Amino acid sequence: MKKFLCLFLIASTISCTSQKANITDVSPAKYVATITPKDLMQHLYVIASDGMEGRQTGSTGQKKAGDYLINQYKANKIDFPKGAKDYYQRIPSTFLNAKRNDNLLDSENIWAYIEGSEKPNEAIVISAHYDHIGLKNGEICNGADDDGSGTVALLEIAQAFEIAKKEGHGPKRSILFLHVTGEEHGLLGSSFYSENPLFPLANTITDINIDMIGRHDESHNDSSNYVYLIGSDYLSTDLYNICEDANKNFVHLAIDYKYNDRTDPNRFYYRSDHYNFAKNGIPSVFFFNGVHADYHKPTDTVEKIEFDALAKRAQLAFAVAWELANRENRPVVDKSGN
């Protein structure tokens, strides 16, 4: 009996160790595939519809878009973060108009959250701005690419993580899905978050920022199978390698580093919401398709979105987040960011 008990305990230990290894080593490929052009299209036809009136910061249309996002998180049983009262991080107009008075109304960042199973106090932020520029000369600027594309990508990435969690493969680190407001007026929502973080910035291991991933630019007229990555190597060699490996293993886009050049006159590194994390020493990467002829015009509509390209870029962002969430160590900050 004693011998049998010993054998049982040994077998149980081996079984538990094997299960843990399987959970640790599970491939994200199955969950990458849940991010589909069809689902992205369904969301974007709502987010970039005329009924949202261009999602100007603090406007009724933007708040309608926010309601849609929250309802999607509720439908997927993805809750608001611990420590928050609801899905809103409210931002007063006094903050939004402090640097340049654009007469903006009170607005909100919207956040959702999946808690980490092993390192819940360490967090990855995946961000996209859900505001746009409203009306221009009386016409609605729908902002389908800018940044409706990133907004709906966040919804699908969150859903993929939640599906994995339900199957026993939840992330080891916590993930904050952060839809920021006021980007078009000076990165205001991400600035407010960085000054009032839900997770201490010291515990925020990376920001993955998604801003315009639904089209192609003139440099890629022959193929949309690419993405610009900006900033991945500015603070952390680890983050650069994670992005490269995730692409080689799961998505196979052409990664273009043209705008990663510190001498690039467009200075895109400083022009989207990741910068408010990067300037605080948090490794950050910006996913981008480049600027096209419809940028900030009423012609940036859903009908022009290339949903296959949008899906692949969102899949890459998910694969990068998966590795960050589940790897043993957070990415090392080994560079100055300058």
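You'll find the structure just up there.
Everything numeric here is computed off the predicted structure, so don't read it as measured data. (Residues numbered from 1 in each chain as written. Predicted model: local features only at pLDDT ≥ 70, side-chain atom pairs only at ≥ 80, totals over all residues. Heavy atoms only, no water.)

Comments concerning the overall build of the protein chain
Definition in use: Secondary structure elements follow DSSP: runs of H or I of four or more residues count as helices, runs of E of two or more count as strands, with numbering from the N terminus. The size measure is the radius of gyration over C-alpha atoms, and the globule rule it meets is 2.2 Å times the number of residues to the 0.38 power. A simple rule labels every residue: compare its accessible area, found with a 1.4 Å probe on the protein chains alone, to the largest value its type can have, and call it buried under 20%, exposed over 50%, or partly exposed in between. Between two residues, a contact is recorded if the distance between any of their heavy atoms is within 4.5 Å. We get accessible surface area from the Shrake-Rupley algorithm with a probe of 1.4 Å; when it comes to residues, only the shown protein chains can shield them. Positive charges come from Lys and Arg, negative ones from Asp and Glu, while His and the chain ends are left out of the count. Charge positions are represented by NZ for Lys, CZ for Arg, CG for Asp and CD for Glu.
Looking only at helices and strands, the protein chain has 10 helices and 10 strands in total. Relative to the 2.2 N^0.38 estimate, which gives 20 Å for 338 residues, the radius of gyration of the protein chain is 20 Å and therefore close to what a compact globule would have. Dimensions of the protein chain, computed from C-alpha atoms along their principal axes, come out at roughly 85 × 45 × 40 Å. Burial status across the protein chain gives 55% buried among its 338 residues. A fraction of 82% describes how many contacts in the protein chain between residues 6 or more apart in sequence connect residues 24 or more apart. If you sum the accessible surface of the protein chain, you get close to 14,500 Å²; carbon and sulfur atoms cover 52% of it. Side chains of the protein chain carry 35 positive and 45 negative charges; the gap between the two charge centres is 7 Å.

Focus on the side chain of Ser191
Residue position: Ser191 is located in helix H7 (residues 188–195). Beyond its immediate sequence surroundings of up to four residues, Ser191 is in contact with Phe95, Lys99 and Asn276.

Thoughts on the sheet that holds strand E3 (residues 119–129)
Sheet strands line up and pair through hydrogen bonds in the backbone, either parallel or antiparallel. Worth spelling out the cut-off: Two strands form a pair only when DSSP identifies at least two bridges running between them. Under this scheme, a helix contributes an axis fitted over its contacting stretch, all axes are lines through C-alpha atoms, and angles between N-to-C directions fall in the 0 to 180 degree range.
With mixed pairing, the 8 strands of this open sheet are ordered in space as E1-E2-E6-E3-E7-E10-E8-E9. Each having just a single partner strand, strand E1 (88–91) and strand E9 (254–256) make up the two edges of the open sheet. Put simply, the sheet's adjacent strands are angled 25 degrees from each other on average, direction ignored. Here strand E8 (residues 226–230) runs beside strand E10 (residues 284–288); their pairing, made up of 3 bridges, is antiparallel.

Quick word on the packing of aromatic side chains
Filter applied, for reference: Ring geometry is summarised as follows: Phe, Tyr and Trp rings, the Trp one being its six-membered ring, pair when their centres sit within 6.5 Å, and such pairs are stacked at plane angles under 30 degrees, edge-to-face over 60 and tilted between the two. Both a distance and an angle decide whether a charge sits over a ring: NZ of Lys or CZ of Arg must be within 6 Å of the ring centre and within 35 degrees of the ring normal.
Counting across every chain of the model gives 22 aromatic pairs. Centre to centre, the rings of Phe161 and Trp322 are 6.1 Å apart; their planes meet at 20 degrees, and the pair counts as stacked. On the criterion of sequence distance, the pair formed by Phe161 in helix H6 (residues 144–166) and Trp322 in helix H10 (residues 307–326) is long-range, its members being 161 residues apart. Looking at Phe161, the relative accessible area reads 0%, which means it is buried. Exposure remark for Trp322: the relative accessible area of 6% places this residue in the buried category. The aromatic ring of Tyr234 is capped on one face by Arg262, whose charged end is 3.7 Å from the ring centroid. Positioned above the aromatic ring of Tyr270, the side-chain terminus of Arg267 is 4.2 Å from the ring centre.

Examining the pairing of strand E6 (residues 173–180)
Summarising burial for E6: 8 of the 8 residues are buried, a large majority. Of the strand pairs in this sheet, strand E2 (residues 107–114) and E6 are connected by 5 bridges, and their pairing is antiparallel. Residue pairing for E6: Ala112 is matched across the bridge by Phe177. Here E3 runs beside E6; their pairing, made up of 8 bridges, is parallel. Bridging from a neighbouring strand, Ile124 pairs with Ile175 of E6.

Topic: helix H3 (residues 37–47)
The test is simple: What the arc measures is the spread of directions leading from the helix axis to the C-beta atoms.
For H3, the complete set of buried residues consists of Leu40, His43, Leu44 and Ile47. Buried residues along H3 cover an arc of 100 degrees about the axis, so they all sit on one side. Exposed residues pointing more than 90 degrees away from the buried face of H3 are listed as Lys38 and Gln42. Where H3 is buried, its residues contact helix H4 (60–75), H6 and H10.

Topic: the nonpolar core
The cut-off we apply is this: Here, nonpolar core refers to any group of buried Ala, Val, Leu, Ile, Met, Phe, Trp, Tyr and Cys residues whose side-chain atoms link them within 4.5 Å.
Membership of the largest hydrophobic core comes to 64 residues, with the highest contact counts inside it found for Ile126, Phe177, Ile208 and Phe287. With 13 residues, H10 is the largest single contributor of residues to this core.

Considerations on the environment of Glu184
Mapped onto the elements, Glu184 comes out in the loop between E6 and H7. Given the relative accessible area of 15%, Glu184 is considered buried. Taking the C-alpha atoms as reference points, Glu184 and Ile210, 26 residues apart in sequence, are found 14 Å from one another. Once residues lying within four places of it in the same chain are set aside, the contact partners of Glu184 are Arg100, His129, Asp131, His132, Ile133, Asp146 and His296.

Focus: the side chain of Ser149
Position of Ser149 relative to the elements: it lies in helix H6. The exposure class of Ser149 is buried, given its relative accessible area of 0%. When near neighbours in sequence (up to four residues on either side) are disregarded, Ser149 contacts Leu44, Ala144, Met212, Ile213, Gly214 and Leu310.

A closer look at the packing of H3 against H6
Test applied: What sets the label is the angle itself: under 35 degrees gives roughly parallel, over 145 gives roughly antiparallel, 65 to 115 gives roughly perpendicular, and the rest give oblique. Left-handed describes a crossing whose near helix is turned anticlockwise from the far helix through less than a right angle; right-handed describes the clockwise counterpart. Side-chain classes follow a simple rule in which Ala, Val, Leu, Ile, Met, Phe, Trp, Tyr, Cys and Pro form the nonpolar group, Asp, Glu, Lys and Arg form the charged group, and the remainder, Gly included, forms the polar group.
Following both chains from N to C, one finds H3 and H6 inclined at 130 degrees, their axes separated by 9 Å at the closest point. Compared by their axis directions, H3 and H6 come out oblique. The element H3 and its partner H6 pack so that their crossing is right-handed. Contacts between H3 and H6 pair Asp39, Leu40, His43, Leu44 and Ile47 from the former with Ala144, Gly148, Ser149, Thr151, Val152, Ala153, Leu155, Glu156 and Gln159 from the latter. Considering only residue class, the contact of H3 with H6 consists of 7 nonpolar, 5 polar and 2 charged.

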